[in-house]
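Results of the structural survey
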Amino acid sequence: MIKNIRYKTKIAVIGAGQAGLSAAYHLKKLGLKIGPDFIILDEASAPGGAWQFRWDSLTLSTVNKIHDLPGMSFEETLSTKGAEVQANTAVPHYFKLYEEKFGLQVYRPAKVEKVYMYQDRFHIDTAKTLFSALGIINATGTWENPYIPTYPGAELFQGEQLHTKDFKTAEYFRGKHVIVVGAGISAIQLLDQISKVTTTTWVTRRPPLFREGPFDDMAGHNAVAMVEERVRLGLSPLSVVSVTGLPYSTEIQEMEKRGVLQRFPMFQEITEKGIKWADGTEQKGDVILWNTGFKSSLSHLDAVLPKEKQDGIQMAGRLATMVAKEPRIHLVGYGPSASTIGANRAGSAAARELLKMLSAADLNTNTFSGSQL
């Protein structure tokens, strides 16, 4: 492809993780062809979405359920059965087979740098290739936008400050005192692993919420509904996981026996050697590991995405995927669809609603793959 040519299409799907592939599948089922009708752009060099970048010790037994993409079972693609299969190999393998089975050609690596309006079309710029589209289904997820809260003294700390995204192996921390921050699933998993090779201090903003019993489909749907309610009001979304609670698993019970789950409230400041609470108590540490989540990766849409005063985006549509003030943009993998629980249904809803809207709108829908503007 040549940089000075802008390739035209009807719909651009940005991101080829669970939500993006689901949307692409449904666009194709609705009769659209890749190229003139829709394109799929993904910044990673290989299939797998964010799963390919997760740590090796994350197995299928330690993640929330991997829901099947439409039309193809995840279980059937596993070459090795059992709970200890690595998620960072099994899920990318599944996505690769899925793309091949349904002929979902993904342009990669193609990181979208910016999107802006020009003559009633969205111009989509990547480093090497330019595109334009009438509508956008954005499925860029959160992995590229890790969140670390601001605390006084952070710049003074002489140790390391890392995020969940930076974790590779627990062995890296051997001989270091690690301050683990966060009360989510990742925080618990990494605390468990690291505490087996070195000393730790566990700090959370709120007391962790443990739940009894399995995380079934009903619990998942209820969690999605709670997040959906917020984004329909234009509030920034909570993660789906944050409202599900933590399963009171055998691993957590073992951590309790080892004394690892002694939880401390959030500190007030960071010092050169560690952290300090409001009462003056200090804890020295070599590493602060922030398991404080991620925010949606939407900066490439800044020029076209209306924001609310609360820094949220008001969402509409059947499953809250449509941007209320710009209905030609759908966000899948945002808010209620920011997990495999809601991503599949969101992909279907976004594809159908966007195509219906574009068909009814008074827009120039003539598209020619490779035509120059």
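Please refer to the structure placed before this passage.
Attention here is on the structure that accompanies the text. Within every chain, residues take consecutive numbers counted from 1 along the sequence as written. Per-residue local features of the predicted model are confined to residues with pLDDT of at least 70, and side-chain atom pairs are confined, for both listing and counting, to 80 or more; whole-chain, interface and lining totals are unaffected and use all residues. Side-chain measures were taken over the full set of non-hydrogen atoms in the model, leaving aside hydrogen atoms and water.

Remarks on the packing of aromatic side chains
Paired rings are identified among Phe, Tyr and Trp, the last through its six-membered ring, by centres lying within 6.5 Å, and are further divided according to the angle between planes into stacked (under 30 degrees), edge-to-face (over 60) and tilted (the rest). Tallied over the full model, the rule gives 16 aromatic pairs. Aromatic rings pair up to connect Tyr25, Phe74, Tyr94, Phe95, Tyr98 and Phe102 into one cluster. Working rule: Lys NZ or Arg CZ, within 6 Å of ring centre, within 35 degrees of ring normal, means a charge sits over the ring. Across from the ring centre of Trp51, 4.9 Å away, lies the NZ or CZ of Arg54, which sits over that ring. Cation over ring: Lys176 sits above Tyr172, and NZ or CZ is 4.1 Å from the ring centre.

Side note on the pairing of strand β9 (residues 178–181)
Taking every second residue as pointing to the same face, both faces of β9 are buried, with Val178 and Val180 on one and Ile179 and Val181 on the other. When DSSP finds at least two bridges between two strands, those strands are taken to pair. For helices the rule is a DSSP run of H or I covering at least 4 residues; for strands it is a run of E covering at least 2, with both sets numbered from the N terminus onward. With four bridges connecting them, β9 and strand β10 (residues 200–204) associate as parallel partners. Within the sheet, the bridge partner assigned to Val181 lies in β10 and is Val203. We call a residue buried when its accessible area falls under 20% of the maximum for its residue type, exposed when it is over 50%, and partly exposed in between, using a 1.4 Å probe and counting protein chains only.

Observations concerning the pattern of salt bridges
The rule for a salt bridge is simple: a side-chain nitrogen of Lys or Arg has to be within 4 Å of a carboxyl oxygen of Asp or Glu. Under the criterion given, the structure shown has 15 salt bridges. Here Asp125 ties to Arg6 by a salt bridge, and the two come within 2.9 Å at their closest N and O atoms. Of this pair, Asp125 sits in strand β5 (residues 121–126) while Arg6 is found in strand β1 (residues 6–8), placing the two residues 119 residues apart along the sequence. For the pair formed by Asp125 and Arg6, the shared burial category is buried. Its salt-bridge partner being Arg108, residue Asp42 comes within 3.7 Å of it at the nearest N-O pair. Of the two residues, Asp42 sits in the loop between β3 (38–41) and α2 (87–101) while Arg108 sits in the loop between α2 and β4 (112–118), which places them 66 residues apart along the sequence. Shared partners join several salt bridges into a network, and the residues in it are Asp42, Glu99 and Arg108.

So yeah, pure geometry; function would need other evidence.
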